[in-house]
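Close look at the chain arrangement
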Amino acid sequence: MRRFFSHGCSQMEYPQIDPEIYPMHAQLHQYISRFVQLTEEETQVVADCLKWKTFPKKTVLLQAGDVCHFEAYVIKGCIREYFTDKDGTELTLEFAVEDWWVSDISSFEHQTPSRMTIETLEDCELLVLSRESKDELLRRVPKLERMFRLMIQRHLAVIQTRLLRTVSYSAMEQLEEFLKRYPTLPNRVPQQYIASYLGITPEFLSKLRKRQMMGKN
């Protein structure tokens, strides 16, 4: 049974982080250090603005048709973003695992209804930004503008690369590229979600995996 994450008003409500939870931010700090270096004071600002939250498996973080009010860094767990077509078929757009960010960027930035659904596939721990807390974060730590800008650029590059592979790669080549990007996912998520991401049937995915394993022997 799916659970739905209630956003409440436009600003999401979270309890204050217990000091014992602050080590959770160490993982995020390592991520940020790839882009910019923070002072101790700036690191504290990040810890204050990103709120630690846990979500059980099968929680809908964003329902299609709703406005996205969050950006979240994944500490632990796996999340799926998908689109439901007019026939009711779910088409997987992306997975987010540890050390990734998850959101509907367009809906979040423009406050427009989302066309995608975002759902947890495992029990998850996230560090969450609301629009208000992100504005506050960038006001107090302006250098993080660069990080978010580069994140968007890299995300667009990934989307372009995936589109090119879709029209130019064989199904086996797409599977091999998928496994390079998400090496742990085959053991973590149902195969039909991976098949949906690749644009093939679960049965054909099973045949590809068998063929792949035979090629390694």
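Residues numbered from 1 in each chain as written. Predicted model: local features only at pLDDT ≥ 70, side-chain atom pairs only at ≥ 80, totals over all residues. Heavy atoms only, no water.

A closer look at the overall build of the protein chain
The condition is simple: Comment: elements are numbered from the N terminus, with helices defined as DSSP H or I runs of at least four residues and strands as E runs of at least two. Throughout, exposure labels follow a simple rule: accessible area from a 1.4 Å probe, protein chains only, divided by the maximum for the residue type, with under 20% read as buried, over 50% as exposed, and the rest as partly exposed. Whether two residues are in contact is decided by their heavy atoms, any of which lying within 4.5 Å being enough. Areas reported as accessible are Shrake-Rupley estimates using a 1.4 Å probe. Residue values count occlusion only from the protein chains shown.
Across its full length, the protein chain carries eight helices and nine strands. Every one of the 217 residues in the protein chain was classed for burial, and the buried ones make up 44%. Taking the contacts inside the protein chain whose residues are at least 6 apart along the sequence as the reference set, 73% of them involve residues at least 24 apart. Counting only carbon and sulfur atoms, one obtains 53% of the accessible surface of the protein chain, whose full area is about 12,200 Å².

Quick word on helix H4 (residues 131-140)
The line we're drawing: This arc is taken over the directions from the axis of the helix to the C-beta atoms.
Those residues of H4 that fall on the buried side of the exposure criterion are Ser-133, Lys-134, Leu-137 and Leu-138. Down the axis of H4, the buried set is contained in an arc of 135°. They therefore lie on one face. Opposite the packed face of H4, turned more than 90 degrees from it, sit the exposed residues Asp-135 and Arg-139. Those residues of H4 hidden inside the fold are in contact with helix H2 (40-49), strand S4 (71-76), helix H3 (105-110), strand S9 (124-129) and helix H5 (144-168).

Let's talk about the sheet that holds strand S7 (residues 101-102)
The cut-off we apply is this: DSSP calls a pair of strands paired once it identifies at least 2 bridges connecting them.
Taken together, the four strands give an open sheet; going across it, the order is S2-S9-S4-S7, and neighbouring strands pair in antiparallel fashion. If you trace the sheet from one side to the other, it starts and ends with strand S2 (51-55) and S7, each paired once. Of the strand pairs in this sheet, S4 and S7 are connected by two bridges, and their pairing is antiparallel. Directly across from Tyr-73, in S7, lies its bridge partner Trp-101.

As for the pairing of strand S8 (residues 117-120)
Neither face of S8 is left uncovered, since the one carrying Thr-117 and Glu-119 and the one carrying Ile-118 and Thr-120 both have all their residues buried. Where strand S3 (residues 59-62) lies against S8, two bridges are found, and the strand directions are antiparallel. Within S8, the position partnered with Val-60 by the bridge is Glu-119. Judged from the four bridges that link them, strand S5 (residues 79-84) and S8 form a sheet pairing that is antiparallel. The partner of Glu-81 across the bridge, within S8, is Ile-118.

Overview of the confidence of the model for the protein chain
Worth spelling out the cut-off: Known as pLDDT, the predictor's per-residue confidence is scaled from 0 to 100.
The predicted model of the protein chain has a mean per-residue pLDDT of 88, with 88% of residues at 70 or higher. Residue range residues 7-21 is modelled with pLDDT below 50. Its contacts to residues more than four positions away, or to other chains, number 26 contacts.

Here we look at the nonpolar core
Our working rule: Only buried Ala, Val, Leu, Ile, Met, Phe, Trp, Tyr and Cys residues count toward a nonpolar core, and they belong to the same one when joined by side-chain atoms within 4.5 Å.
Counting residues in each nonpolar core, the largest one holds 23 residues, and the members touching the most others are Leu-28, Trp-101, Leu-137, Leu-144, Met-147 and Phe-148. Among the secondary structure elements, those contributing two or more residues to this core are helix H1 (24-32), H2, S4, S9, H4 and H5. Top contributing element to this core by residue count: H5, with five residues. If sequence neighbours within four positions are ignored, Phe-148 has contacts with Glu-71, Trp-101, Leu-129, Lys-134, Leu-137 and Leu-138. Residues Val-97, Met-172, Leu-185 and Leu-198 belong to the second largest nonpolar core, which totals 19 residues.

Things to note about the packing of H4 against H5
To be explicit about the condition: Axes, fitted as lines to C-alpha atoms, cover a helix only where it is in contact. Angles between the N-to-C directions of the axes lie from 0 to 180 degrees. Here is the rule for angles: anything less than 35 degrees is roughly parallel, anything more than 145 is roughly antiparallel, 65 through 115 is roughly perpendicular, and the remaining ranges are oblique.
Where H4 meets H5, the axes come as close as 8 Å, and the angle between the chain directions of the two elements is 125°. Taken together, the axes of H4 and H5 lie oblique to each other. Where H4 abuts H5, its residues Lys-134, Leu-137 and Leu-138 lie against Leu-144, Glu-145 and Phe-148.

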